[in-house]
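# Structural overview
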Amino acid sequence: MNKIAAYFNFSELKTNVRTESLAGLTTFVSMAYILFVNPSVLGASGMSKGAVFTATALASALGCLLMGLVAKYPIAIAPGLGVNAFFTYSVVIGMGVKWETALAGVFVASVIFMIITIFKLREMIIDAIPRDMKLAISAGIGFFIAFIGLHGGGLIVANKSTVVGLGSLSVGTTWLTIFGLIVTLILMARKVPGGIFIGMVLTSILGLVTGLIKMPTTVVSAAPSLKPTFGVALSHIGDINSLQLVIVVLTFLLVTFFDTAGTLVGLAEQAGFMKDNKMPRVGKALMADSTSMLVGSVLGTSPTSAYVESSAGIAVGGRSGFSAVVTGILFIFGLFFSPLLNVVTDQVTAPALIIVGVLMAESLKQIHWERFEIAVPAFLTVIGMPLTYSISDGIALGFISYVITMVATKHGKDVHPLMYVLFFIFIIFLWILNV
């Protein structure tokens with residue numbers, strides 16, 4: 001025990017095994033929903049839900065263990081909400097790309113991510129894209145996720161007269177979504193640790209009691225086989241042979257990179273780790289994420305990223321990597337609860353998606369809305385994602401309009417050269433999509 005305390009610097013961080021264990025448990029409970037939400041989202045692309053469940057648990061466990069043991073931060077890693085939606089709804093369903101090819105795209109993006117982490121190119125990439133646009137991307141993904149949740153839960157439906165409209169309140173499953181949303185809202189408002197997860201549990205119980213969800217025959221079983229997805233990414237790398245797919249890889253890279261970087265900095269601020277506006281060991285933290293992303297793509301899941309729910313563990317005292325290790329071990333135990341996948345329906349996961357969307361929208365307050373040349377591209381990025389049902393389309397609209405408004409207001413010199421490159425890339429991207 002003394003060796004553990006020494007390795008994780010307990011005395012310096014003024015913490016102990018009990019506090020760190022509680023923090024790890026709190027973080028796990030707060031983000032355990034991803035074990036069931038990720039298979040639901042990726043399952044819509046045609047992937048095996050069982051295989052995705054196992055891949056999600058293993059990739060999350062690996063990411064958390066690496067973050068804890070190598071980077072020594074109380075920050076958990078798991079497949080990201082938002083980029084998994086991009087994988088399914090934008091790439092596979094929207095562009096008509098096979099999920100096997102999309103998974104190969106994730107693998108290639110993770111290799112690039114690893115290379116730029118090793119060669120410390122992350123600062124250059126972060127500096128190239130203005131902060132306002134990074135914030136807009138984060139908020140836009142939040143709106144997109146919330147829209148998916150509202151639609152999946154039956155609260156928003158297609159309407160020939162008005163494009164979209166309110167769902168029918170005479171459908172039982174819609175009321176299941178409403179119940180879950182109200183319960184989760186109350187729990188989150190009262191700052192109950194694991195509010196999202198508890199809300200999903202209570203919604204599932206109500207669904208089982210009312211017969212809206214079928215009762216599972218068992219609760220615990222062996223982990224589902226990875227066979228349907230394992231190694232598929234490697235065998236389909238050759239499919240990435242068009243500009244459209246190259247841009248898909250770039251988008252995977254950009255979304256995951258900035259999602260992780262933003263979350264890491266935000267959590268480091270919360271825990272008091274920042275020194276001179278810099279995060280110590282950030283290279284190791286990004287390496288932990290890129291490694292889990294690489295392994296996750298081979299196992300069969302969308303890109304991993306640092307989880308904002310780690311803030312729940314930090315809030316109860318988590319300060320060392322030991323809490324992330326605890327979270328990782330709990331993900332391994334979570335492997336044996338796959339039968340619950342059939343219980344966690346779209347109506348159960350919908351409130352989680354909506355709430356996470358709300359949390360991600362917080363970044364809107366930091367955008368400089370008073371500057372028209374910033375407001376326009378930020379707005380188009382945010383509103384473009386849900387309305388085009390595509391994260392990449394939203395980013396394209398934002399980046400293209402950003403260069404135009406900045407040049408029009410004679411601020412062209414303030415635009416990073418890479419943004420001009422992205423300007424032309426996204427114009428070609430939109431052209432390819434439509435032609």
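Attention in this report is confined to the structure presented alongside it. (Residues numbered from 1 in each chain as written. Predicted model: local features only at pLDDT ≥ 70, side-chain atom pairs only at ≥ 80, totals over all residues. Heavy atoms only, no water.)

Another aspect to go through is the overall build of the protein chain. What the protein chain contains, in helices and strands, is 20 helices and 4 strands. Counting only C-alpha atoms and orienting by the principal axes, one finds that the protein chain spans roughly 60 × 60 × 45 Å. Residue burial in the protein chain is summarised as follows: out of 435 residues, 55% are buried. The contacts of the protein chain with a sequence gap of at least 6 include a subset with a gap of at least 24, amounting to 80%. When the accessible area of the protein chain is evaluated, it comes to approximately 18,400 Å², of which 68% is carbon and sulfur surface. Distance from the positive charge centre (24 side chains) to the negative charge centre (18 side chains) of the protein chain: 6 Å. (Helix = DSSP H or I, 4+ residues; strand = E, 2+ residues; numbered from the N terminus. Buried < 20%, exposed > 50% of the residue type's maximum accessible area, 1.4 Å probe, protein only. Contact = heavy atoms within 4.5 Å. Areas by Shrake-Rupley, 256 points an atom, 1.4 Å probe, with all protein chains shown as cover. Lys, Arg positive; Asp, Glu negative; His and termini not counted. Charge placed at Lys NZ, Arg CZ, Asp CG, Glu CD.)

A separate point is helix 9 (residues 131–152). With 22 residues, helix 9 extends 32 Å from end C-alpha to end C-alpha; this agrees with the ideal 32 Å at 1.5 Å per step. Residue Gly 154 follows helix 9 closely and has a positive phi angle near 85 degrees. (Expected span 1.5 Å × (residues − 1).)

Here the focus is the packing of aromatic side chains. Overall, the coordinates contain 14 aromatic pairs when judged by the stated rule. Taking the centre distance of 5.5 Å and the plane angle of 80 degrees together, the rings of Phe 399 and Phe 426 count as edge-to-face. Residue Phe 399 is found in helix 19 (residues 391–408), and its partner Phe 426 is found in helix 20 (residues 417–434); the two are separated by 27 residues along the sequence. A residue is classified by how much of its surface remains accessible, and Phe 399, at 0% relative accessible area, is buried. Residue Phe 426 is classed as buried on the basis of its relative accessible area, which comes to 3%. (Phe/Tyr/Trp six-rings, centres within 6.5 Å; stacked < 30°, edge-to-face > 60°.)

Turning our attention to the pattern of salt bridges. Overall, the coordinates contain 2 salt bridges when judged by the stated rule. For Glu 362, the salt bridge is made with Lys 365, and the minimal N-O distance between the two is 3.4 Å. Judged by relative accessible area, Lys 365 falls into the exposed class, the value being 62%. Note that Arg 371 and Glu 373 form a salt bridge whose closest N and O atoms lie 3.0 Å from each other. (Salt bridge = Lys/Arg side-chain N within 4 Å of Asp/Glu carboxyl O.)

With that out of the way, let us pick up helix 18 (residues 372–388). A rise of 1.5 Å per residue sets the reference length of helix 18, with its 17 residues, at 24 Å; its end C-alpha atoms lie 23 Å apart and thus fit the reference within 8%. What helix 18 keeps buried is the set Glu 373, Ile 374, Ala 375, Pro 377, Ala 378, Thr 381, Val 382, Gly 384, Met 385 and Pro 386. Buried residues belonging to helix 18 abut helix 9 and helix 19. A positive backbone phi angle near 55 degrees is found at Tyr 389, which sits one or two residues after helix 18.

A word on a nonpolar patch on the surface. A surface patch of nonpolar side chains, about 440 Å² in accessible area, is lined by Val 111, Ile 115, Ile 118, Phe 119 and Leu 121. In this structure, Ile 118 sits in helix 7 (residues 99–118). (Patch = residues over 30% accessible without salt bridge, like charges linked within 9 Å, V, L, I, M, F, W, Y side chains within 5 Å.)

This part takes up the pairing of strand 3 (residues 163–166). Bridge count for strand 2 (residues 156–159) against strand 3 is 4 bridges, and the pairing is antiparallel. Each residue of the ladder has a partner; that of Ala 158, found in strand 3, is Val 164. Between strand 2 and the antiparallel strand that follows it, strand 3, lie 3 residues. (Pairing = 2+ DSSP bridges.)

Let's shift gears to the environment of Leu 206. Mapped onto the elements of the fold, Leu 206 is located in helix 11 (residues 195–210). Look at Leu 206 and you get partly exposed, because its relative accessible area is 28%.

Among the nonpolar cores identified, the biggest contains 117 residues, and Tyr 33, Met 67, Phe 87, Met 200, Phe 252 and Phe 399 are the most heavily contacted of them. Tallying contributions element by element places helix 13 (residues 243–271) first for this core, with 13 residues. The residues contacting Phe 252, other than those within four sequence positions of it, are Val 83, Phe 86, Phe 87, Val 91, Ala 102, Gly 105, Val 106, Ala 109 and Pro 303. The next biggest cluster of nonpolar side chains, apart from the first, holds 5 residues, and it includes Phe 8, Phe 10, Phe 322 and Val 326. (Core = buried A, V, L, I, M, F, W, Y, C linked by side-chain atoms within 4.5 Å.)

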